[in-house]
Amino acid sequence: MTDALVKVNLQMLLSSVLRRGSTRSGAPKRRSPAVAVLLGFFGLFMLADFAFLFVMTFDGMCTAFFEAGIGWFYFGMEAMFVFGLCVITSIFHAQSAVFNAKDNDLLLAMPIRASSILTARIITMLIPEYLFEAVIGLPALGVWLYHGYGSVAGVVFFALGFLVIPLLALTVACLLAWILTLATLRMRRKNIVTLVISVAFFIGYMYLAMNMQSLLGQLAANGGTLAHKFQSYVLPVYYYGVAVAEQSVVRFLGFLAMTAVPFVILIYLLSIRFIAIVTTKRGAKKTVYREKPMKSAGISSALFRREFSHYASNPMYILNMSIGSVMAVIAAVAFVIKRNDFIAALGIYGQMMSGLTPPLVLTLIILFCCSSSTCSGSLVSVEGKSLWLIRSMPVSGWDALKAKANLHLAICGLPVAIAGVICVFGAGGTLTENIMLVATPAAFSLLMAYGGVALNLLHPRFDWTNEVQPVKQGLPVMIMMFGSWALLVALGLLYGFALRSRLSVSSFVLVCDVVFAALAAALAHWLKTSGERRWETL
């Protein structure tokens, strides 16, 4: 039974990529081969990009550590990178897929053992962890072999460790997810707790990414001291590193015991308590009703509040939809704080590319963040099986679609406009450049808002099992993100090769703002006419 459940879970995972939605009768519609190949290409490109980053990271550590006689620490750091990434990416997945899955009641009503359900979900969760591990582990292995420190036995121990390291990460992730589930059973605002933890992880990731170079320098300078601490306090990592670098069978068996045994124990405990955990609905303290005057609102206001309430109800929904807006504000604040360093760095690149002024660079950074905010590209799809609710209301299709565009402007457009205003105080540009800093992100967000709703209306997907799926994997979201990047690159090439001698950079950007606004107006008109008719036939 476990293998059958694993097969079903994998089929659902695969179908989320290959299918682009469903027909009115509920029959699945498969993506065209060209679209599937294009999505696969972009996925491989992103994985290759991350792999190259880790190649450069490990290349800076390999020779230094092995020449210092602490070669095991090289693989210890590789194991820590894998462990950290797998825990961060799995903790909330474990909470939703194991403890809060929507089909728990359905499966438990069948003659299926709880241990089979749990094991199938754990195995399914391991697959993306192995993918993440490959992005880190394979570059580490390649750099090690390239520098001539490798051996056949070491490769064998590395391969065995490759299979085992995610077990330790998944053990910790499931344990933390279990604790988080128990701790939030009686909380009224449990989504806020999840969101705060997610944002904390995101800020930590951004800090590491922005300070990677200095951290690697400190690591190379203090490798011996850190290695001694790892040897004393992180014993599994030490045993794994020694097993691969020095081909020690005894150390690998010790690492295997400290990794596999906790995993088996946790699975056993979860199997015993699985039914009790997933069926316990204690809830929070009930709110005491207090009579208040009833407030009425207009159609647009009521529909917007409906969209915003749905948006605020899911922390993973918030994080995936708002990440670009958060990045824009963080970048603007960082620029104001580190203005002198930014100007100094820009002076170096300005010698290679004329016209590269601080306001222009800041505008491009904010536009890149804006293109990562693809909220509107999934707002039709997230209606799911509840689409009939809004369709049954006495409101026009245009009102419903406009509310979705307004939500994008509120949670994505407003923050990037604020980021532009913040940058004005430190950029020191001309009046035209300052207008560009604020107007360009606003106009581009307007285009993204109506363009995303139009794309999602043309390619909706209502057969999802988790509403985060259309937000992260939907075709309109992919088109919005990569299409906006392509548009920005095309405009840059147009100016560089055709208009550079005729217009200043600021004038060209302001012309683009007018074009963005005109395209947004055309899309809004389409939604109000043809789009409304299509909405009524969904």
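Parameters at a glance
Residues numbered from 1 in each chain as written. Predicted model: local features only at pLDDT ≥ 70, side-chain atom pairs only at ≥ 80, totals over all residues. Heavy atoms only, no water. Helix = DSSP H or I, 4+ residues; strand = E, 2+ residues; numbered from the N terminus. Buried < 20%, exposed > 50% of the residue type's maximum accessible area, 1.4 Å probe, protein only. Contact = heavy atoms within 4.5 Å. Axes fitted to C-alpha atoms, helices over the stretch in contact; angles between N-to-C directions. Parallel < 35°, antiparallel > 145°, perpendicular 65-115°, else oblique. Left-handed = near helix turned anticlockwise from the far one by under 90°. Nonpolar A, V, L, I, M, F, W, Y, C, P; charged D, E, K, R; others polar. pLDDT = per-residue confidence, 0-100. Salt bridge = Lys/Arg side-chain N within 4 Å of Asp/Glu carboxyl O. Expected span 1.5 Å × (residues − 1). Arc of directions from axis to C-beta. Phe/Tyr/Trp six-rings, centres within 6.5 Å; stacked < 30°, edge-to-face > 60°. Core = buried A, V, L, I, M, F, W, Y, C linked by side-chain atoms within 4.5 Å.

Considering the overall build of the protein
Helix and strand content of the protein: 21 helices and two strands. Going through the 538 residues of the protein one by one, you find that 41% of them count as buried. Pairs at least 24 apart in sequence give 81% of the contacts found in the protein among residues at least 6 apart.

Examining the packing of helix H5 (residues 114-146) against helix H6 (residues 152-183)
In a packed pair of helices, the relevant descriptors are the angle between the two axes and the axis-to-axis distance. Where H5 contacts H6, the axes come no closer than 9 Å and their chain directions differ by 140°. Considering their axes alone, H5 and H6 lie oblique with respect to each other. The handedness of the crossing between H5 and H6 comes out as right-handed. Together, Ile122, Met125, Leu126, Glu129, Tyr130, Glu133, Ala134, Gly137, Leu138, Leu141, Trp144 and Leu145 of H5 and Gly154, Val155, Phe158, Gly161, Phe162, Leu163, Ile165, Pro166, Leu167, Ala169, Leu170 and Cys174 of H6 make up the contact between the two elements. Split into classes, the residues belonging to the contact of H5 with H6 amount to 19 nonpolar, three polar and two charged.

Some thoughts on the confidence of the model for the protein
Looking at the protein as a whole, the pLDDT averages 78, with 75% of positions reaching at least 70. For the protein, the element scoring lowest by mean pLDDT is strand S1 (residues 19-22), at 51; helix H21 (residues 505-536) scores highest, at 90. Segment residues 22-26: pLDDT under 50, and eight contacts once partners within four positions in sequence are set aside and those in other chains are kept. Overall, residues 349-353 carries pLDDT values under 50, and its contacts beyond four positions in sequence, including any with other chains, amount to one contact.

Digging into the pattern of salt bridges
Pairing between side chains of opposite charge can happen when the charged atoms of each approach one another. Applying the stated criterion across every chain yields a total of five salt bridges. Via salt bridges that share partners, Arg306, Glu307, Glu383 and Lys404 belong to a single interconnected network.

Some details on helix H12 (residues 299-312)
Residues lying three or four places apart along an α-helix face the same way, a consequence of the helix completing one turn every 3.6 residues. Counted at 1.5 Å a residue, the expected span for H12 with its 14 residues is 20 Å, and the 20 Å between its end C-alpha atoms agrees. Residues Leu303, Glu307 and Tyr311 constitute the buried set of H12. Angularly, the buried residues of H12 cover 80° about the axis, an arc narrow enough to put them on a single face.

Considerations on the packing of aromatic side chains
What the rule picks out here adds up to 23 aromatic pairs. Ring geometry for Trp72 against Tyr238: centres 4.8 Å apart, planes inclined by 90°, an arrangement best described as edge-to-face. On the criterion of sequence distance, the pair formed by Trp72 in helix H3 (residues 71-99) and Tyr238 in helix H10 (residues 235-246) is long-range, its members being 166 residues apart. Each of the two residues, Trp72 as well as Tyr238, counts as buried.

Remarks on the nonpolar core
Core analysis: the largest hydrophobic core is formed by 39 residues, its most contacted members being Phe58, Trp72, Tyr74, Phe75 and Tyr240. Put simply, the parts of the chain that give this core at least two residues each are helix H2 (33-67), H3, H5, H6, H10 and helix H11 (249-279). Counting residues per element, this core draws most heavily on H3, at nine residues. With residues up to four places along the chain from it excluded, the contact list for Phe58 reads Tyr74, Glu78, Phe81, Ile136, Pro139, Ala140 and Val143.

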